[in-house]
Protein chains: 2
Amino acid sequence: MANKYTSLDQVRERIDELDEQIQRLINARAECAQAVAQIKTQSGHTEADFYRPEREAQILRQVIERNPGPVSGEEMARLFREIMSACLALEQAMRIAFLGPEGTYTHDAALKHFGHSVTAVPHGAIDEIFRDVEAGFSHYGVVPIENSTEGVVDHTLDMFLNSPLQISGEVELRIHHCLLAKGDSLDGIKAVYAHQQALAQCREWLDENLKDVPRIAVNSNAAAAKMAAADEAVVAIASMAAAELYALNSIACNIEDEPDNTTRFLVIGRQSPAPSGKDKTSLLVSTPNRPGGLNNLLKPLADAGISMTRIESRPSRRAMWEYVFFIDIEGHKDDVNVAAALDVLADRSSVLKVLGSYPAAVV
Amino acid sequence: MANKYTSLDQVRERIDELDEQIQRLINARAECAQAVAQIKTQSGHTEADFYRPEREAQILRQVIERNPGPVSGEEMARLFREIMSACLALEQAMRIAFLGPEGTYTHDAALKHFGHSVTAVPHGAIDEIFRDVEAGFSHYGVVPIENSTEGVVDHTLDMFLNSPLQISGEVELRIHHCLLAKGDSLDGIKAVYAHQQALAQCREWLDENLKDVPRIAVNSNAAAAKMAAADEAVVAIASMAAAELYALNSIACNIEDEPDNTTRFLVIGRQSPAPSGKDKTSLLVSTPNRPGGLNNLLKPLADAGISMTRIESRPSRRAMWEYVFFIDIEGHKDDVNVAAALDVLADRSSVLKVLGSYPAAVV
């Protein structure tokens, strides 16, 4: 980059000018947010309508699309998330329930999605979060749904069987694995412990650096870290948070083969977002147990050219249901093709519940 | 506020315009930050000089001073902290060591001070953080120094006795107390447990709501929460994080009498910040044990009209030192009056170590 400034004073003066303009514009934006709230209140909307997930997703996508840099699109989206969060807070003190304790990935996901101007309240169990949002005490809840190392969070799926809540958003977080040990070298290491998915996700690194050391799959990465803390000849694959919790050294970080190792969370609420242009719809479907039942169920989606991004089966806890499937598809339930396919699906299944249509995670 | 917009579409169009301008200006600001880095590199500065605590403090003070709203000065400063953090990250991947685990107040303090674009690395002990920064592995460290409920963090003070590190900043966090219980009402409660300072800080609330219930001081609020978890007739005063950790209900929150209940943290680094216009200086002083020793020591400061904001005495671990005092004063060691007073102080004390001059916490 050619430098058009020759002295620090000169460029700092320019930064001060820019800061003043940025500040003025952020305050002007906040005034607009107040105007939106005023118009909505006049036209009889309730407080719940002040936050519109689809509108926020559209703004963030636009920010990323038009971003020329040098700040990266992802960082710029993060800054705008915070600016929108600060503007919204002037109109509505948003209360977000999340699966605690503080400092967990779910906490990170809640703040990533709603920004830091909300009040994020930790809860001890997933059903508590559903009850809290159902009762209207919190505006939204954030719960884990797919953990790349521990698989699907069954308890969250089960809650949807009986809850009237809607899925109103999804959040994806990048997760990194570290190699943790009591000592600070790999000499004398006799075993690597981790959840089997973490072992699989770090296979290349392990092949290169701990080729002949046995890999032992345990219940969770946290359990592996606990074992490493008790035995100097054991290393564990786990998060930096686990390193801290069990006073372990991090010998290597980001050892996962795929740099895009993510964990997914759902935002649950009482409202249903309008289409944002790039949405997902989550379905709960059950079908009688007969040959070809599942194929028969999925055919309307395939016929309509609708992509399925996930399917999970769960044992039903109601006698009348043979199987329960949780299915994520691309598109919004109000999209013409999706609505038509859902009609056909409803005819073929004993139960079809639309858990929500919501903007796909932006970053 | 008079509303100059009549339709949502109209105001949303205006928001989109503003967002585009804000985005353009943030990228222009990032380009300026790159220009600063380029000039510094050309003039032989090292990477360590890219982050200037005094310059950041000045910018944030200016932001708060000129802020007309509607976004509050504190929120606006938070947004600018994040914008500066994103700009700096383009030039230098900042690594910040903090007293973990993740999700603690020290973690919050580190992110409040440096923004979310840094890599914040948890450590298990305060001495590890000093070593990590001394070795140049992390750029800065964040450690607790005064905890309003647990008092001064002695271990941090002790580390300064032998460390070559400088204090390069301070962070203040507001801390809230909650009343936690296994049940969800105050009926049948036989005792309130908490650290004695927390009991004192919530006296008014307790007088009003639990007048005849005995108050029992224990070692820490976390210990109190643990006891409440074991006995339904006990309530504890502690943080929301403790509620989560011990699966307790929060019966009431923000029950402290003073809403400005804060905890203080120090930022430690290898460089000494230049004056920012509103600074503090931390001193370590020892004096021979003779009558009037302390008065004699403090006189030069009083004579020069320099305010002392804190004084703590610690037993010296060196035989030659009778007492060690940690003193915070207003002003920068390079200020003329401070420099002169420090000269006098040096003559009168057996040891005088300037632990650092740094910008006073902005918000």
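- The name recorded for chain A in an unreviewed UniProt entry is Bifunctional chorismate mutase/prephenate dehydratase, from Candidatus Tenderia electrophaga.
- As stated in UniProt under Subcellular location (unreviewed entry), the record for chain A gives "Cytoplasm".
- As recorded by UniProt, the Function (unreviewed entry) comment attached to chain A reads in full: "Catalyzes the Claisen rearrangement of chorismate to prephenate and the decarboxylation/dehydration of prephenate to phenylpyruvate."

### A few points about the overall build of chain A
Now for step 1: Summing up its helical and strand segments, chain A has 12 helices and 15 strands in all.
Now for step 2: Along the first, second and third principal axes, the C-alpha set of chain A runs to 75 × 70 × 40 Å.
Now for step 3: Expressed as a percentage of its 363 residues, the buried residues of chain A come to 54%.
Now for step 4: Taking the contacts inside chain A whose residues are at least 6 apart along the sequence as the reference set, 77% of them involve residues at least 24 apart.
Now for step 5: Of the roughly 15,600 Å² of accessible surface on chain A, 48% is carried by carbon and sulfur atoms.

### Some remarks on the UniProt feature "site: Essential for prephenate dehydratase activity" (unreviewed entry) in chain A
Residue and element names in this part refer to chain A.
Now for step 1: Following the UniProt record, one finds the feature "site: Essential for prephenate dehydratase activity" (unreviewed entry) at T263.
Now for step 2: Of note, T263 is situated in strand β11 (residues 262–269).
Now for step 3: Since its relative accessible area comes to 3%, T263 is described here as buried.

### Side note on the interface of chain B and chain A
Now for step 1: Facing the 65 residues of chain B at the interface are 65 residues of chain A.
Now for step 2: Linking chain B with chain A are 6 salt bridges.
Now for step 3: With a shortest N-O distance of 3.3 Å, R55(B) and D16(A) are connected by a salt bridge.
Now for step 4: Taken together, the links from chain B to chain A amount to 23 residue pairs in polar contact (both at pLDDT 80 or more).
Now for step 5: Residue assignment for the side of chain B that touches chain A shows that the elements contributing at least two residues are α1 (8–42), α2 (53–65), α3 (73–91), β2 (119–123) and α10 (240–245) of chain B.
Now for step 6: In terms of residues, the side of chain B that touches chain A owes the most to one element, α1(B), which gives 27 residues.
Now for step 7: A per-class count over the side of chain B that touches chain A returns 32 nonpolar, 17 polar and 16 charged.

### A short note on the packing of helix α5 (residues 126–134) of chain B against helix α6 (residues 154–162) of chain B
Residues and elements named next belong to chain B.
Now for step 1: It is at 9 Å that the axes of α5 and α6 come closest, and there the two elements cross at 35 degrees. Between α5 and α6 lies a crossing of right-handed hand. Within the contact between the two elements, α5 uses I126, D127 and F130 and α6 uses H155, T156, M159 and F160.
Now for step 2: When grouped by side-chain class, the residues that make up the contact of α5 with α6 number 4 nonpolar, 2 polar and 1 charged.

### Description of the sheet that holds strand β7 (residues 191–195) of chain B
Residues and elements named next belong to chain B.
Now for step 1: What the 5 strands build is an open sheet, ordered β8-β7-β9-β6-β10; its pairing is mixed. Each edge of the open sheet is held by one strand with a lone partner, namely β8 (215–218) and β10 (249–253). Going across the sheet, the axis of each strand differs from the next one's by a mean of 30 degrees, ignoring polarity.
Now for step 2: Pairing geometry for β7 and strand β9 (residues 234–238), over 3 bridges, is parallel. For A191, the partnering residue across the bridge sits in β9 and is V234.

### What about the state of the cysteines?
Now for step 1: One pass over the full model with this rule turns up 2 disulfides over all chains.
Now for step 2: Disulfide partner of C178(A): C253(A), at an S-S distance of 2.2 Å. Here C178(A) and C253(A) share a disulfide; its torsion about the S-S bond, 70 degrees, makes the bridge right-handed. Taken together, the positions of C178(A) in strand β6 (residues 178–181) and C253(A) in strand β10 (residues 249–253) put the pair 75 residues apart, joining distant regions of the chain.
Now for step 3: Free cysteine: C87(A), not disulfide-bonded; nearest cysteine sulfur from C32(A) at 8.8 Å.
Now for step 4: Free of any disulfide, C202(B) has its nearest neighbouring cysteine sulfur in C178(B), separated by 9.2 Å.
Now for step 5: Taking the relative accessible area as the measure of exposure, C202(B) reaches 0% and is therefore buried.

### Section: a nonpolar patch on the surface
Now for step 1: There is a patch of nonpolar side chains on the surface, built from L294(A), M308(A) and I311(A) and spanning about 200 Å² of accessible area.
Now for step 2: Note that I311(A) resides in strand β13 (residues 308–315).

### Considering the relation of the copies chain B and chain A
Now for step 1: Here chain B sits on chain A after a turn of 180 degrees about the axis and a move of 0.0 Å along it, with an RMSD of 0.1 Å. Here the two chains are linked by the operation of a two-fold rotation axis.

### Points about helix α12 (residues 336–348) of chain A
Residue and element names in this part refer to chain A.
Now for step 1: Between its first and last C-alpha atoms α12 spans 19 Å; for 13 residues at 1.5 Å apiece the expected length is 18 Å, and the two agree.
Now for step 2: V338, A341, L342 and L345 are the residues of α12 that are buried. Considered in projection along α12, the buried side chains sweep an arc of 105 degrees and stay on one side of the axis. Set apart from the buried face of α12 by more than 90 degrees, the exposed residues are V336, D343 and D347.

### A look at the pattern of salt bridges
Now for step 1: Tallied over the entire structure, the rule returns 32 salt bridges over all chains.
Now for step 2: Here R264(B) and E170(B) are joined by a salt bridge, their closest N and O atoms 2.6 Å apart. One end of the pair, R264(B), is in strand β11 (residues 262–269); the other, E170(B), is in strand β5 (residues 166–174), and 94 residues separate them in sequence.
Now for step 3: With a relative accessible area of 7%, R264(B) lands in the buried category.
Now for step 4: Across the salt bridge formed by K280(B) and E170(B), the nearest N and O atoms sit 3.1 Å from each other. Here E170(B) lies in strand β5 and K280(B) lies in strand β12 (residues 279–287), a separation of 110 residues in the sequence. Here the two residues K280(B) and E170(B) agree in accessibility, since each one is buried.
Now for step 5: Here the salt bridges do not stand alone but share partners, grouping E170(A), R264(A), K280(A), R310(A) and D328(A) into one network.

### What to know about helix α1 (residues 8–42) of chain A
Now for step 1: Taking 1.5 Å per residue as the helical rise, α1(A) with its 35 residues ought to reach 51 Å, and the 51 Å between its terminal C-alpha atoms agrees with that figure.
Now for step 2: Just beyond α1(A), the residue with positive phi is G44(A), at close to 80 degrees.

### Notes on unusual backbone geometry
Residues and elements named next belong to chain A.
Now for step 1: In this chain, G69 is followed by P70 through a cis amide linkage whose omega measures 10 degrees.
Now for step 2: One can find P70 in the loop between α2 (53–66) and α3 (73–91).
Now for step 3: You will see that N254, though not glycine, has its phi angle at about 55 degrees, which is positive.
Now for step 4: Its location among the elements puts N254 in the loop between β10 and β11.

### Quick notes on the domain arrangement of chain A
Residues and elements named next belong to chain A.
Now for step 1: Assigned domains within chain A: domain 1 (17–91), domain 2 (178–253) and domain 3 (272–363).
Now for step 2: Taken together, the contacts link 10 residues of domain 1 with 11 residues of domain 3.
Now for step 3: Counting each side, the surface lost to burial between domain 1 and domain 3 is near 770 Å², with a carbon and sulfur contribution of 68%.
Now for step 4: Considering only the side of domain 1, the residues that lose the most area to domain 3 are P53, E54 and R61, jointly responsible for 55% of the buried surface there.
Now for step 5: Applying the counting rule to domain 1 against domain 3 returns 0 salt bridges.
Now for step 6: Sorting the residues of the side of domain 1 that touches domain 3 by element identifies α2 and α3 as the ones contributing at least two each.
Now for step 7: It is α2 that provides the largest number of residues to the side of domain 1 that touches domain 3, a total of 7 residues.
Now for step 8: Across the side of domain 1 that touches domain 3, the residue classes tally to 5 nonpolar, 1 polar and 4 charged.

About the cut-offs
- Residues numbered from 1 in each chain as written.
- Chains lettered and ligands numbered in written order.
- Predicted model: local features only at pLDDT ≥ 70, side-chain atom pairs only at ≥ 80, totals over all residues.
- Heavy atoms only, no water.
- UniProt positions renumbered as here; feature names shortened; annotations may be inferred.
- Helix = DSSP H or I, 4+ residues; strand = E, 2+ residues; numbered from the N terminus.
- Buried < 20%, exposed > 50% of the residue type's maximum accessible area, 1.4 Å probe, protein only.
- Contact = heavy atoms within 4.5 Å.
- Areas by Shrake-Rupley, 256 points an atom, 1.4 Å probe, with all protein chains shown as cover.
- Salt bridge = Lys/Arg side-chain N within 4 Å of Asp/Glu carboxyl O.
- Polar contact = N/O pair within 3.5 Å; in protein donor to acceptor, adjacent residues only side chain to side chain.
- Nonpolar A, V, L, I, M, F, W, Y, C, P; charged D, E, K, R; others polar.
- Axes fitted to C-alpha atoms, helices over the stretch in contact; angles between N-to-C directions.
- Left-handed = near helix turned anticlockwise from the far one by under 90°.
- Pairing = 2+ DSSP bridges.
- Disulfide = S-S within 2.5 Å.
- Patch = residues over 30% accessible without salt bridge, like charges linked within 9 Å, V, L, I, M, F, W, Y side chains within 5 Å.
- Least-squares fit on C-alpha atoms with pLDDT ≥ 70 in both.
- Expected span 1.5 Å × (residues − 1).
- Arc of directions from axis to C-beta.
- Domains from an automatic or database assignment.
- Buried area = accessible area lost by both parts, 1.4 Å probe.

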